[in-house]
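So you can see what is in the structure, the chains are spelled out below.
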Amino acid sequence: MELTRRRLPSEVLKGGYSDEEVDNIYELGRFFLENGDLHKAETIMHGLTEVVPDYWPAWLGMACVHISNGRTEEAVSAARRVLELDRGNAVALIYLAASLMTLGDYNSAGTYLGELGEKIEAGAVDDPKILRLYRAQLARFQSR
């Protein structure tokens, strides 16, 4: 996942970390997340969201942790935060749609799936993993 910086270096330095340090801390949290250590991943991602609240990758990590832990409302909140910071983020759109369907809000979920579908049709999203997740959530949406 490419990290897009939309903050001034001085904003991060206020928290006591350089951009590189923030990215490295995130990578450690992502490592824990990918290896199933949700507690450590959550601790790191939460810390990053506190120190650098506009660092969308940490919010995406929090959404993943919340989904994995069955905290669906928190997952919705975190995914929405990602979309505030990185409009159109494909993974956040999938997380949000899946979480909203879990909560029974199929109308909103359909809106986000539609937005992602448009991005896919336009060729803006071509990652095979995202395409598989999209198709799975679309099938889930259509079979309700």
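Residues numbered from 1 in each chain as written. Predicted model: local features only at pLDDT ≥ 70, side-chain atom pairs only at ≥ 80, totals over all residues. Heavy atoms only, no water.

### Here we look at the confidence of the model for the chain
And then number 1: Scored by pLDDT, the chain comes out at a mean of 92, with 90% of its residues at no less than 70.
And then number 2: Across residues 1–5 the pLDDT falls below 50, and counting only partners more than four positions away or on other chains, this stretch makes 13 contacts in the model. (pLDDT = per-residue confidence, 0-100. Contact = heavy atoms within 4.5 Å.)

### Section: the nonpolar core
Burial of nonpolar side chains together is a common tendency in soluble globular proteins.
And then number 1: Core analysis: the biggest nonpolar cluster contains 43 residues, and Leu-48, Tyr-55, Leu-96, Tyr-112 and Leu-116 have the highest contact counts within it.
And then number 2: At the level of secondary structure, the elements contributing two or more residues to this core comprise helix H2 (19–34), helix H3 (38–51), helix H4 (56–68), helix H5 (72–85), helix H6 (90–102), helix H7 (106–121) and helix H8 (128–142).
And then number 3: Top contributing element to this core by residue count: H6, with 9 residues.
And then number 4: Contacts of Leu-116, omitting those with residues within four sequence positions, involve Ala-90, Leu-93, Ile-94, Val-125 and Tyr-134. (Core = buried A, V, L, I, M, F, W, Y, C linked by side-chain atoms within 4.5 Å. Buried < 20%, exposed > 50% of the residue type's maximum accessible area, 1.4 Å probe, protein only. Helix = DSSP H or I, 4+ residues; strand = E, 2+ residues; numbered from the N terminus.)

### Structural notes on the packing of aromatic side chains
And then number 1: Inspection of the entire model under this criterion finds 3 aromatic pairs.
And then number 2: Geometrically, the ring pair formed by Tyr-26 and Tyr-55 is edge-to-face, given 5.9 Å between the ring centres and 75 degrees between the ring planes. A residue pair is termed long-range when its members are at least 10 positions apart, and Tyr-26 in helix H2 and Tyr-55 in the loop between H3 and H4 qualify at 29 residues. Each member of the pair, Tyr-26 as well as Tyr-55, carries the same accessibility label: buried.
And then number 3: Lying over the aromatic face of Phe-141, Arg-144 brings its terminal NZ or CZ to 4.6 Å of the ring centre. (Phe/Tyr/Trp six-rings, centres within 6.5 Å; stacked < 30°, edge-to-face > 60°. Lys NZ or Arg CZ within 6 Å of the ring centre and 35° of its normal.)

### Regarding H7
And then number 1: Along its 16 residues, H7 runs 22 Å from first to last C-alpha, staying within 8% of the 22 Å computed at 1.5 Å per residue.
And then number 2: Here H7 has its buried residues at Ala-109, Tyr-112, Leu-113, Glu-115, Leu-116, Gly-117 and Ile-120.
And then number 3: Summarising the contacts, the buried residues of H7 are in contact with H5, H6 and H8.
And then number 4: The positive-phi residue at the C-terminal boundary of H7 is Gly-123, with phi of around 85 degrees. (Expected span 1.5 Å × (residues − 1).)

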